[in-house]
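Examining the three-dimensional arrangement
Residue strings, one per chain:
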Amino acid sequence: MSPGYIHKALSDRIVLILFVILTVFVVVSVALAYTTVLGWDEGSYLSNAQYFIGEGENVSFQWPFFTPGLVSLVWILTGESVFAGRLVSVFFGAASLLVLYKLCEGKFENPIYPFAVFALAPLFVFWSSQIMTEAASFFFLFLSLYALQKDRHLLAGVLIGFTVSVRYMLILFALAVFLNYLLDRNKDVWKYAAGGILGTMPFFIYSHFWHTGVFSIIAEYLSTDQSWSGFLPHASAENLRIFFYHYIPLLPAVFLGWRKSPKLERISIVIYSVFVFLFVNVSYYRYWLPILPFMVFIAYRGVDRKKFMVFSLIFLISTSFIMYDYYQRRATCRGELYEAHEFLMGEEGAVVSSVEWTITGYRVDRRVFAPWEDYGYFKRYNVTHILTDEELDYPEEAFYPDCGYRIYRLQEL
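In this text, all values refer to a predicted model and were calculated from it rather than measured experimentally.

The rules behind the values
- Residues numbered from 1 in each chain as written.
- Predicted model: local features only at pLDDT ≥ 70, side-chain atom pairs only at ≥ 80, totals over all residues.
- Heavy atoms only, no water.
- 1 Å grid on protein atoms, 1.4 Å probe; cavity = no way out; pocket = protein on both sides within 12 Å on 5 of 7 lines; lining within 4 Å.
- Points joined across faces, edges and corners; volume = space filled by probe spheres on them.
- Helix = DSSP H or I, 4+ residues; strand = E, 2+ residues; numbered from the N terminus.
- Nonpolar A, V, L, I, M, F, W, Y, C, P; charged D, E, K, R; others polar.
- Buried < 20%, exposed > 50% of the residue type's maximum accessible area, 1.4 Å probe, protein only.
- Pairing = 2+ DSSP bridges.
- Contact = heavy atoms within 4.5 Å.
- Axes fitted to C-alpha atoms, helices over the stretch in contact; angles between N-to-C directions.
- Disulfide = S-S within 2.5 Å.
- Core = buried A, V, L, I, M, F, W, Y, C linked by side-chain atoms within 4.5 Å.
- Phe/Tyr/Trp six-rings, centres within 6.5 Å; stacked < 30°, edge-to-face > 60°.
- Patch = residues over 30% accessible without salt bridge, like charges linked within 9 Å, V, L, I, M, F, W, Y side chains within 5 Å.
- Areas by Shrake-Rupley, 256 points an atom, 1.4 Å probe, with all protein chains shown as cover.
- Salt bridge = Lys/Arg side-chain N within 4 Å of Asp/Glu carboxyl O.

Focus: empty space enclosed by the protein
Applying the stated criterion across every chain yields a total of one cavity of 30 Å³ or more. If you add up the space inside the largest cavity, you get close to 60 Å³. Contributing to the lining of the largest cavity are Phe-66, Thr-67, Leu-70, Val-71, Gly-85, Val-88, Ser-89, Phe-92, Met-132, Ala-135 and Ala-136. Sorting the residues of the lining of the largest cavity by element identifies α3 (66-78), α4 (82-105) and α7 (134-149) as the ones contributing at least two each. Within the lining of the largest cavity, the residues separate by chemical class into eight nonpolar, three polar and no charged.

This is the structure:
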């Protein structure tokens, strides 16, 4: 049997495996996109997309523009649909996997193994099925790392700039790459920095024309998010628990592969993890998704292939239960919430909602405010109802006993 024939047979086998993995990813993520009830953050992106096509009143400019902007363009072609919007994320999830495989080819002799673990990771699959920033940010992040792998420093900077614009929190990876340049005393750092500035220009242009100034969105985002960020050592224990609960099956392999792995991968995990441990007050599993590819890369180098597959299989099974539990909990009370929305759609005036106000803002066809909005807004926009799960001293117009939701008519503010 000739070497050329063997090489072709192996190549065909890899193509077939890639096709199967991508097919599984697409089928599962599309199913989740079709069946999962709306999440809190999705409500904000959907409201923005609705506003961009001129069919909604609720908008929050401090949220990243890319996801709702692209969804609004898709809606121009398909009509407004949550499912159509979610397919945008599915597309970017699949595209990011194609780039990831090319990235893995430059790192590993057998790239299919670490690639498969990330591609089938429930946390990645689930958030690639939602109208969120995860899938698109991975696409640009992987492109940036691939450009860096090919010594395309300016392009790597531009792409990391896009990454940050798509999901602000991933500026931590931009800083990790910059620090890696400095530690390596790489003179191409100026190309990377210049590219980063170019890559973030669309964000600053958007901030200038759609908001109140070049840096206004950054200022508003930081001030708004002080409720969940800042130096918060009291939150570290919970964040640590979430980290271990998700990643503990991989940690032995990560420990063994740590010193064998490139400095950039280790720096990325350290910088991101320290930030989440110390400065994030809201513990969500998805906050730990961005370091997953680096964790998988390092784990693959730490043990032989059989042990890696054992650790990975345990990881995939355990995180499947975690995400199934989250899927079930998210659906809790959605039926009664949607009933409350139906009631509000038949009324007039603006609404204050202390219950899932972002989802209410998307689904109810009028202005919806969070309860902490400025008092002057309530007066200006003729707020007539409040949706809450608390007992208030206003006339009650509707009550949903299973979840305790109440709708009150506000006589005066």
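Resuming the write-up.
A word on the pairing of strand β5 (residues 405-409)
Of all the five residues making up β5, four are buried; the element is thus mostly covered by neighbouring parts of the structure. Here strand β4 (residues 396-400) pairs with β5 via four bridges, running antiparallel. Within β5, the position partnered with Tyr-400 by the bridge is Tyr-405. Where β4 hands over to β5, the hairpin turn is made up of four residues, of which Gly-404 adopts a positive phi near 75 degrees.

Quick word on the sheet that holds β5
Sheet strands pair via backbone hydrogen bonds, and the direction of the pair is either parallel or antiparallel. The strand order across the open sheet formed by five strands is β2-β1-β3-β5-β4, and the pairing between neighbours is mixed. Across the chains shown, the open sheet's two edge strands, defined by having one partner strand only, are β2 (368-369) and β4. Of the strands in this sheet, β1 (350-353), β3 (383-388), β4 and β5 are in contact with helix α17 (residues 334-345), which crosses β4 at around 155 degrees.

Quick notes on the state of the cysteines
Here a disulfide denotes one covalent bond, and it connects the sulfur atoms of two cysteines. Summed over all chains, the structure comprises one disulfide. At a sulfur-sulfur separation of 2.0 Å, the disulfide partner of Cys-333 is Cys-403. Residues Cys-333 and Cys-403 share a disulfide whose torsion about the S-S bond is about -100 degrees; that sign makes it left-handed. A residue pair is termed long-range when its members are at least 10 positions apart, and Cys-333 in the loop between α16 (305-330) and α17 and Cys-403 in the loop between β4 and β5 qualify at 70 residues.

Examining the nonpolar core
Counting 108 residues, the largest nonpolar core has Leu-97, Leu-100, Phe-115, Tyr-247, Tyr-272, Trp-288 and Ile-291 as its most contacted members. Counting residues per element, this core draws most heavily on α4, at 11 residues. Beyond its immediate sequence surroundings of up to four residues, Tyr-272 is in contact with Met-169, Leu-170, Leu-172, Phe-173, Tyr-287, Trp-288, Pro-290 and Ile-291. With seven residues, the next largest nonpolar core counts Val-352, Val-383, Tyr-408 and Leu-410 among its residues.

A word on the environment of Thr-67
The topology assignment puts Thr-67 in helix α3. Residue classification places Thr-67 among the buried residues on the basis of a relative accessible area of 6%. Taking the C-alpha atoms as reference points, Thr-67 and Asn-48, 19 residues apart in sequence, are found 9.3 Å from one another. Non-local contacts of Thr-67, meaning those with residues more than four positions away in its chain, are made with Tyr-45, Ile-131, Met-132 and Thr-133.

Topic: the packing of aromatic side chains
We describe a pair of aromatic rings using the distance from one ring centre to the other and the angle between the two ring planes. Within this structure, the stated rule accounts for 41 aromatic pairs. Residues Phe-25 and Phe-124 carry aromatic rings whose centres are separated by 5.5 Å and whose planes lie at 25 degrees to one another, so their mutual orientation is stacked. Residue Phe-25 is found in helix α1 (residues 3-35), and its partner Phe-124 is found in helix α6 (residues 122-127); the two are separated by 99 residues along the sequence. The exposure class of Phe-25 is buried, given its relative accessible area of 1%. Given the relative accessible area of 1%, Phe-124 is considered buried. Measuring from centroid to centroid gives 5.6 Å for Phe-92 and Phe-139, while their planes differ by 65 degrees, and the two rings are edge-to-face. Of this pair, Phe-92 sits in helix α4 while Phe-139 sits in helix α7, and the two are 47 residues apart along the sequence.

A word on the side chain of Ser-144
With respect to the element layout, Ser-144 can be found in helix α7. Under the relative-accessibility criterion, Ser-144 is labelled buried at 4%. In contact with Ser-144, other than residues within four places in its own chain, are Ala-156, Leu-159 and Ile-160.

Some thoughts on the environment of Trp-288
Following the sequence through the fold, Trp-288 ends up in the loop between α14 (263-279) and α15 (292-302). Apart from the residues lying within four places of it in its own chain, the contact partners of Trp-288 are Leu-123, Asn-239, Ile-242, Phe-243, Tyr-247, Tyr-272, Ser-273, Val-276 and Phe-277.

Some remarks on a nonpolar patch on the surface
On the surface, Leu-16, Phe-19, Val-20, Val-24, Val-27, Val-28 and Leu-120 cluster together into a nonpolar patch covering about 610 Å² of accessible area. Inspection of the secondary structure assignment puts Leu-120 in the loop between α5 (112-119) and α6. Using a relative accessible area of 33% as the deciding quantity, one classes Leu-120 as partly exposed.

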